[in-house]
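Fold and contact review
Residue-level listing of the chains:
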Amino acid sequence: MTISSSLNAGVAALKANANRLATISDNIANSSTFGYKRVETDFHSMVTSGQGGSYSAGGVRTTSQRLIDQRGSLVTTNNSTDLAVRGRGMLPVRPSSQIAGGSNEMLLTTTGSFRTNEEGYLVTESGLVLLGWRAAADGSIPPVPRDTPAALEPIQLSVNQLSGAPTTQMNLRMNLPATATDAGASGDTQPLSVEYFDNLGKSESVDIQLAPTVPATGSSNEWTMTLRDSASGGAVIGEYTLTFTDSRTAGGTLASVTTVSGGAYDPATGSLVVNVAGGPMEINIGQIGDADGITQLSDTFAPVSITRDGSAVGTMTSVQVDENGYVYAFYDTGVSRRMFQIPLADVPNPNGLSALDSQTYAPSRESGTFFLWNAGDGPTGDLVSFAREESTTDVATELTSMIQTQRAYSSSAKVIQTVDEMLQETTNIKR
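Residues numbered from 1 in each chain as written. Predicted model: local features only at pLDDT ≥ 70, side-chain atom pairs only at ≥ 80, totals over all residues. Heavy atoms only, no water.

**Some words on the overall build of the protein chain**
Rules: Put simply, DSSP H or I for four residues or longer makes a helix, DSSP E for two residues or longer makes a strand, and each gets a number counted from the N terminus. To sort residues, take the accessible area from a 1.4 Å probe on protein chains only and compare it with the maximum for the residue type: under 20% means buried, over 50% means exposed, and anything in between is partly exposed. Contacts are assigned to residue pairs with any non-hydrogen atoms lying within 4.5 Å of each other. A positive count includes Lys and Arg, and a negative count includes Asp and Glu. His and the chain ends are not counted in either. To locate a charge, the coordinates of NZ of Lys, CZ of Arg, CG of Asp or CD of Glu are taken.
Across its full length, the protein chain carries two helices and 31 strands. Taken along the three principal axes of its C-alpha coordinates, the protein chain extends 145 × 50 × 35 Å. Classification of the 431 residues of the protein chain by burial places 41% in the buried group. The contacts in the protein chain between residues at least 6 apart in sequence include a share of 62% that link residues at least 24 apart. Separation between the mean location of the 26 positive side-chain charges and that of the 43 negative ones in the protein chain comes to 16 Å.

See the structure below:
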């Protein structure tokens, strides 16, 4: 019984060390594989209760675990859509073969080199397409469920896509000369033209005329602002009377805005809405008493800051991903648009994920349910572009483990050889 148990223990040891060698071999083979997570083999003794002075060898068994929560070093690349996660969390991906079928399957990976294919999808060489939430026209991300991949869709971009956006809002920040409203001033009108883009991406302008009210005596501190739309043949789309205060505390700021024609001025927002040929446009001139709005100071007319939304039609030239997972498309007109947001998935037990090909993982009962976080929120880290995560294999450590495994395997084989010799001696005993 004792000799037989020794033989069984030796056989179990050979099998256990063979398992460990297999994981070492896999780790070394993938030492240059981006995103690879090393596998660790643990040995567990098996004890058989002995009675009296006898002892039976129980042997050994092994368990292997992929250490998915370990992170490799990040290396820089020259591709803006090479992505890696710095910290906890994983990228959602899907096999590109499932795009046409509309599958909702979601796999996870910690890094990937994504490039646009012939259809504009961001895909790796191994055929994994990146998933994200599509942004609305204004760049915002609508509310989406975070515990299901139902709202995720393959990120598709068209490098040759033409894109433009109409102007719907502009901000006017300028200074009007206070001396122009004094008695005896020339009364010259101050012209200003602000470009905007219509619904077809064409360049139009709102032409603004600012005419001072020149009193017989003193100072009026009053201007008439007339707005004309070039797309409507120069038709007047709004006229407003601007009055400025000369008080000691708020001198030079707006005191009142009187609507002569066009949309009413809203003192709560400092905006007025006029109708250009393509539809309504909000123009912000500043709130009452706001020093950052239109002012009347000194003797100089100075457009300080004229901004507006919208853009001319342009061709997409590049794609970039920021640390929060937002995917931006850049156009040759100098503007950018937020197209998608890439979330990061997190599970309670990353080491419980089911390992699949191409450094991908699937949620399982052991990993727990996943939740989709914004990158940098909750327990997740941020997203790094122009980077990839290296393998977590340390070749020197694996080679050392291989030497130990080889010695243990040889020793186990020696035990079997010794048991065989002892059994041979037993069979040679003569009566």
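**With respect to the pattern of salt bridges**
Applied cut-off: Take a side-chain nitrogen of Lys or Arg and a carboxyl oxygen of Asp or Glu: if they are within 4 Å of each other, that pair is a salt bridge.
By the definition in use, this model includes 11 salt bridges. Residue Glu389 is joined to Arg71 by a salt bridge in which the shortest nitrogen-to-oxygen separation is 3.8 Å. Of this pair, Glu389 sits in strand β31 (residues 387–389) while Arg71 is found in the loop between β2 (60–66) and β3 (74–76), placing the two residues 318 residues apart along the sequence. The partner of Glu195 in a salt bridge is Arg308, and the shortest N-O contact between them spans 3.5 Å. In this pair, Glu195 sits in strand β14 (residues 190–197) while Arg308 sits in strand β22 (residues 302–308), placing the two residues 113 residues apart along the sequence. The class of Glu195 is partly exposed, set by a relative accessible area of 35%. We classify Arg308 as partly exposed; its relative accessible area is 31%. Among the charged side chains, a network of salt bridges with common partners joins Lys37, Arg71 and Glu389.

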